[in-house]
Amino acid sequence: DLWVGTLGGGLCRYSYEKGLFTVFRHDDNDPGSLYTNSVNHILCTSDGRLLVSTYRSLDYFDYKNEDFSHFIYSDDSLGRDLKRHIIMLFEDSRHHIWLATNAGLEVMQPVKNKRYTTSDGLPENVIQGILEDRQGNLWVSTTKGLSKFSNGVELPEQPVIENFDEHDGLPGNEFIKRAVYKNTQGLFYFGTSEGFTFFDPEAIVLNKEVPEMLLTE
């Protein structure tokens, strides 16, 4: 099946077998309906689940009953900031589900999500995209540059984050929402307000040696 998210029209499923569209919309009288009609990202997980971001909620689709359960991310009735919302969903190689949000980088946890923010070294809390390299590092695009989260898939308590911006050769610091792609060769593509950038993450080697100072006449 092909799933299509819309901004205001709900979630659409196209059946290749039947050649038909089915539309799932919010219904005030049905708690199992889509949380809102605005869908900004869809993730089919490695174990077959369908996760749907509706900005303020992460919806889980039940294929058997064809309804939704909701993880409410932003709701005034729960005392949460209505300005918070989900931007992108990502599953890493350890099967953790990550949320790129406008309030930091979050990973789903059984009791309480773990969140990484500027206090952990990120240049900005507005996370626009996420990719993973072959070493288990997460590369996170923001509105103020690109970050490498070393061994991010291991959920470190003391995160090591290295930031890159225009001074490192990026075409721009403001990255575009969900404009990320990893090809079969492992090359990364990120969209920015000044065009897209692509690179091999394995080839990014930081020179941490302090240059020797020489005094001349």
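For the structure itself, consult the block above.
Overview of the structure. (Residues numbered from 1 in each chain as written. Predicted model: local features only at pLDDT ≥ 70, side-chain atom pairs only at ≥ 80, totals over all residues. Heavy atoms only, no water.)

1. Comments concerning the overall build of the chain
This is how it is decided: For the purposes of this entry, the term helix denotes a DSSP run of H or I that reaches at least four residues, the term strand denotes a run of E that reaches at least two, and both are numbered from the N terminus. Only protein chains enter the accessibility calculation, which uses a 1.4 Å probe. A residue is then buried if its area is under 20% of the maximum for its type, exposed if over 50%, and partly exposed in between. Residues are treated as being in contact if the distance between any of their heavy atoms lies within 4.5 Å. Positive charges come from Lys and Arg, negative ones from Asp and Glu, while His and the chain ends are left out of the count. Charged groups are reduced to one reference atom each: NZ for lysine, CZ for arginine, CG for aspartic acid, CD for glutamic acid.
When helices and strands are tallied, the chain shows zero helices and 18 strands. The buried share of the chain, reckoned over its 217 residues, is 45%. At a minimum sequence separation of 6, the contacts of the chain that also span at least 24 residues come to 41%. For the chain, the distance from the average site of its 20 positive side-chain charges to the average site of its 33 negative ones is 5 Å.

2. Concerning the sheet that holds strand β18 (residues 195–199)
The pairing of strands in a sheet comes from backbone hydrogen bonds and takes either a parallel or an antiparallel form. Rule in force here: Two strands form a pair only when DSSP identifies at least two bridges running between them. Lines fitted to C-alpha atoms define the axes here, with helix axes fitted over just the stretch in contact, and angles between the N-to-C directions of these axes take values from 0 to 180 degrees.
A sheet is described by the order of its strands in space; here three strands give the open sequence β16-β17-β18, paired in antiparallel fashion. Of all strands in the sheet, those bounded by a partner on one side alone are β16 (175–182) and β18. Put simply, the sheet's adjacent strands are angled 20° from each other on average, direction ignored. Looking at chain direction, strand β17 (residues 188–192) and β18 are connected through five bridges and run antiparallel. Paired with Y189 across the strands is F198, a residue of β18.

3. Concerning unusual backbone geometry
The backbone phi angle of H95 is positive, close to 70°, even though this residue is not glycine. Within the secondary structure, H95 is located in the loop between β8 (86–91) and β9 (97–101). When its relative accessible area of 52% is taken as the criterion, H95 is described as exposed.

4. Here's the deal with the packing of aromatic side chains
Formally: When the centres of two rings from Phe, Tyr and Trp lie within 6.5 Å, Trp using its six-membered ring, the rings pair. Their planes under 30 degrees apart give stacked, over 60 give edge-to-face, and anything left gives tilted. Remark: a charge is flagged as sitting over a ring if the NZ atom of Lys or the CZ atom of Arg is within 6 Å of the ring centre and within 35 degrees of the ring normal.
Going through the model one piece at a time under the given rule, you end up with 22 aromatic pairs. A centroid spacing of 5.0 Å and a plane angle of 50° characterise the contact between Y14 and F21, whose relative ring orientation is tilted. Of the residues examined, Y14 reaches a relative accessible area of 23% and is grouped as partly exposed. Feature note: the residues W139, F164, F175, F188, F190 and F199 constitute an aromatic cluster, connected by ring pairs. Above the ring of Y73, the side-chain terminus of R84 is found at 4.3 Å from the ring centroid.

5. Here we look at the side chain of D92
The line we're drawing: Any carboxyl oxygen of Asp or Glu that lies within 4 Å of a side-chain nitrogen of Lys or Arg is treated as forming a salt bridge with it. Pairs of N or O atoms within 3.5 Å make up the polar contacts considered here, provided that, within protein, one atom can donate a hydrogen while the other can accept it, and that residues adjacent in sequence are counted only when both atoms are side-chain atoms.
As for its placement among the helices and strands, D92 is situated in the loop between β8 and β9. The charged side chain of D92 is buried without a salt bridge, its nearest counter-charge being R94 at 6.5 Å. Separated by 2.7 Å, the side chain of D92 and the backbone nitrogen of R94 make a polar contact. If we skip the residues at most four places from it in the chain, D92 touches W98, E132 and V153.

6. So, a nonpolar patch on the surface
Going by this rule: Candidates for patches are residues over 30% relative accessible area with no salt bridge; among them, like charges are joined within 9 Å and nonpolar side chains (Val, Leu, Ile, Met, Phe, Trp, Tyr) within 5 Å. Surface accessibility follows the Shrake-Rupley procedure with a 1.4 Å probe radius. Residue values consider only the protein chains on display as shielding.
On the surface, L2, V4, Y16 and F21 cluster together into a nonpolar patch covering about 410 Å² of accessible area. Along the chain, the position of F21 falls in strand β3 (residues 20–24). A relative accessible area of 55% places F21 in the exposed class.

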